[in-house]
Amino acid sequence: MTGASSTASFSRAHPLLLPVASNLATGLLLSPLDLIRTRLIVQTSSTRQRAYTGPFDALNKIIYHEGGFQSLYLHPQLLYPAILDCALTPLVAASAPVFTARLFSRLLGSAVHEDSHPVLWAASQLGGACLGLLITLPVETVRRRLQVQTRGGAPPIATCVEVRRRPYVGIVDTVYSVLVEERSDLPLRTRRKRKASRSSRQSTVEDDEDEVLDRGSWLKYTGIGQLYRWFGMRVSASVII
C-alpha cells in the first residue's frame, strides 16, 4: 500500500513526467518497426523496382546494408528525430487542451470544466488538438523524410512519392531544405514575351514583359505547406473524434 500511495503522489506531483517517459521509452524501443512501416508505405508498387518484399525482408536488408542492428537505434538520423517525436507528442497532447481550457476560462471569467461547460470543454479539447498538430506535425514530417532515405552503402529505394535526390544531413538541414528549397505547389507559370511585327517599319517590339500569373497565397512561395501536409485531414479527424 505504501508503494502504491507513493506512486500515486508522484504522479500527482509530476503529471507529465510519466506519460512522456513511458511514451519515449516505448517509441524508442519500437522505432525499427516504425522505420520498416515507413519504408514499406513509400516504396513503389512496381514489382521490378520494389526494394522490400515484406517486413522481415526490409529488416534484413536494412541491417545488412545500413550499418547493422545498432544503426537501427543509434544512427543520428533516426535517434534524434525519434526522441523529439516521441517526447514532444505526449507532452503537447497533455498540455495543449489544458492551455486552451484555461484560455476559455479567462475569456469567460469562470473555470471551464467538463461537467459545467460540456460544449466549451469539447471546444477546448478540439482547439488543443489543432494546436498540438501545429507543433508536432512538422516534427513528424521531418522524421518520415529522414526515415525514407537510405544510409551507408545502401542504394536509394524507388518511392511512389517524389523525394529529394540529395540526401538530408539531419533535422536542421531537413527543415531548412523544406522551407527554402522545396515548394508546396507546382512551379509558377510565367507569361512569355510576345513580339508583334510591324510591316511598315520591319521591326519588332516587345508587348509584354515576364509577369507572374499564379499569385496564390504566401504559403505557395515557401515550403511551409510541405511541413503541414495533410493538416486539414488531421483536423477533420479531430473534429470527428
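For every chain, the first residue of the written sequence is number 1, and numbering continues from 1 along that sequence. Totals for whole chains, interfaces and linings use all residues, but because this is a predicted model, local features are given only for residues with pLDDT of at least 70 and pairs of side-chain atoms are given and counted only at 80 or more. Water and hydrogen atoms were dropped before computing side-chain values, which therefore reflect all heavy atoms in the structure.

Caption draft 1: Expanded view of the overall build of the protein chain. Put simply, DSSP marks the helices as runs of H or I at least four residues long and the strands as runs of E at least two long, and each gets a number from the N terminus on. Assigned secondary structure in the protein chain consists of ten helices and two strands. Ordered by position from N to C terminus, the α and β elements of the protein chain give α-α-α-α-α-α-α-α-β-β-α-α. Think of it in three bands: residues with accessible area under 20% of the maximum for their type are buried, residues over 50% are exposed, and the middle band is partly exposed, with areas taken using a 1.4 Å probe on protein chains only. Taking all 241 residues of the protein chain together, the buried fraction comes to 30%. The contact definition used throughout considers only heavy atoms, calling two residues in contact when any of these lie within 4.5 Å. Taking the intrachain contacts of the protein chain between residues at least 6 apart in sequence as the baseline, contacts between residues at least 24 apart amount to 63%.

Caption draft 2: Quick peek at the nonpolar core. The term nonpolar core refers to a set of buried residues drawn from Ala, Val, Leu, Ile, Met, Phe, Trp, Tyr and Cys, joined through side-chain atoms within 4.5 Å. Counting residues in hydrophobic clusters, the biggest one holds eleven residues: Leu 35, Ile 36, Val 42, Ala 51, Tyr 52, Ala 58, Ile 62, Leu 72, Leu 78, Val 148 and Ile 157. Counting residues per element, the ones that place at least two in this core are helix 3 (31-42) and helix 4 (55-65). Each residue touching Ile 36, except ones within four places of it in the same chain, is listed here: Pro 55, Ala 58, Leu 59 and Ile 62. In this structure, Val 142, Leu 146, Val 178 and Leu 227 belong to the second largest nonpolar core, which totals five residues.

Caption draft 3: Layout of helix 8 (residues 171-180). Burial in helix 8 covers these residues: Thr 174, Ser 177 and Val 178. Viewed along the axis of helix 8, the buried residues span an arc of 95 degrees, placing them on a single side of the element. Exposed side chains of helix 8 directed beyond 90 degrees from the buried face belong to Val 172 and Val 180. Read the arc as the range of directions from the helix axis to the C-beta atoms.

Caption draft 4: A look at the side chain of Gln 149. By the secondary structure assignment, Gln 149 is in the loop between helix 7 (118-148) and helix 8. Pairing of N or O atoms within 3.5 Å defines a polar contact, subject to two protein rules: one partner must be a possible hydrogen donor and the other a possible acceptor, and residues neighboring in sequence count only if both atoms are side-chain atoms. Side-chain polar atoms of Gln 149 contact the side chain of Gln 77, separated by 2.9 Å.

Caption draft 5: Layout of the packing of helix 6 (residues 76-108) against helix 7. Taken N-terminus to C-terminus, the directions of helix 6 and helix 7 make an angle of 160 degrees; their axes are 7 Å apart at the nearest point. Classified by the interaxial angle, the pair formed by helix 6 and helix 7 is roughly antiparallel. Two packed elements cross with a definite hand, and for helix 6 against helix 7 that hand is right-handed. By residue class, the composition of the contact of helix 6 with helix 7 is 20 nonpolar, ten polar and two charged. Axes here refer to lines fitted to C-alpha atoms; in helices the fit is confined to the stretch in contact. Angles between the N-to-C directions go from 0 to 180 degrees. Every angle not falling under 35 degrees, over 145, or within 65 to 115 is termed oblique; those three ranges are roughly parallel, roughly antiparallel and roughly perpendicular. Handedness of each helix crossing follows the sense of rotation of the near helix against the far helix: counterclockwise by less than a right angle gives left-handed, clockwise gives right-handed. In this classification, Asp, Glu, Lys and Arg are treated as charged, Ala, Val, Leu, Ile, Met, Phe, Trp, Tyr, Cys and Pro as nonpolar, and every other residue, Gly included, as polar.

Caption draft 6: Structural detail: the pattern of salt bridges. Think of a salt bridge as a Lys or Arg side-chain nitrogen and an Asp or Glu carboxyl oxygen that are within 4 Å of each other. One pass over the full model with this rule turns up nine salt bridges. With a closest N to O distance of 3.0 Å, Arg 143 and Asp 85 form a salt bridge. Of this pair, Arg 143 sits in helix 7 while Asp 85 sits in helix 6, and the two are 58 residues apart along the sequence. An identical accessibility class is assigned to Arg 143 and Asp 85; each is buried. The closest approach of N and O atoms between Arg 164 and Asp 173, which form a salt bridge, is 3.7 Å. One salt-bridge network, in which partners are shared between bridges, spans Asp 34, Arg 37, Asp 85, Arg 143 and Arg 144.

Caption draft 7: Representation of a nonpolar patch on the surface. Here, patches come from residues exposed beyond 30% relative accessible area and free of salt bridges, joined within 9 Å for like charges and within 5 Å for nonpolar side chains (Val, Leu, Ile, Met, Phe, Trp, Tyr). A 1.4 Å probe and the Shrake-Rupley method give the accessible areas. Residues count as covered only by the protein chains that appear here. There is a patch of nonpolar side chains on the surface, built from Leu 29, Leu 30 and Leu 33 and spanning about 310 Å² of accessible area. Mapped onto the secondary structure, Leu 33 falls in helix 3. Judged by its relative accessible area of 55%, Leu 33 is exposed.

Caption draft 8: Quick look at the packing of aromatic side chains. Whether two aromatic rings pair depends on their centres lying within 6.5 Å, for rings of Phe, Tyr and Trp, where Trp uses its six-membered ring; planes under 30 degrees apart make the pair stacked, over 60 edge-to-face, and the rest tilted. On inspection of all chains with the given rule, the structure shows two aromatic pairs. Pairing Tyr 228 with Phe 231 gives two aromatic rings, centres 6.1 Å apart and planes at 90 degrees, and the pair type is edge-to-face.

Keep in mind that these numbers describe shape and distance, not what the molecule does.
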